[in-house]
Amino acid sequence: MLHTLMTSPFHCDLPAMLRLLAEGDDVLLLQDGVIAALEGSSALEALLNAPISVYVLQEDLDARGLVAQISTRITTVSYTGFVTLAVRHSQQMTW
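Residues numbered from 1 in each chain as written. Predicted model: local features only at pLDDT ≥ 70, side-chain atom pairs only at ≥ 80, totals over all residues. Heavy atoms only, no water.

Asks: Can you tell me about unusual backbone geometry, naming the residues and giving the values?
Replies: Despite not being glycine, Gln-31 has its phi angle at roughly 50°, a positive value. Within the secondary structure, Gln-31 is located in the loop between β2 (26–29) and α2 (42–48). Take Gln-31: its relative accessible area is 37%, and that puts it in the partly exposed class. (Helix = DSSP H or I, 4+ residues; strand = E, 2+ residues; numbered from the N terminus. Buried < 20%, exposed > 50% of the residue type's maximum accessible area, 1.4 Å probe, protein only.)

Put into structure tokens, the structure is as follows:
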């Protein structure tokens, strides 16, 4: 399943999302969800401890001026990468 986090991790039920993550799922951080990719954040550590892959949309990082502050443990993707993730997962959930 592809989970897309579009709101700040401080304004969503991140613990509920974490409970629903299953091995092999992907999480894509976009819009204000990119805040979860900030190095040292508790949201980042929680995501990295799950059995998933985490991606962040480059364009949203650029728009918020956060490129230099995100963790190097997160994979950045373009809109083309976003489409690839959406095609890979027939089931998707937006947070």
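What follows continues from the structure just given.
Asks: I'd like a rundown of the pairing of strand β3 (residues 53–57), residues and numbers included.
Replies: Of all five residues that make up β3, four are buried, and the element is covered over most of its length. Where β2 and β3 come together, four bridges link them in parallel fashion. By the bridge assignment for β3, Val-27 is matched with Val-54. Handedness of the crossover joining β2 and β3 through α2: right-handed. As judged from the three bridges shared by β3 and strand β4 (residues 75–77), these two strands associate in the parallel manner. (Pairing = 2+ DSSP bridges. Right-handed = clockwise from strand over helix to strand, strands pointing away.)

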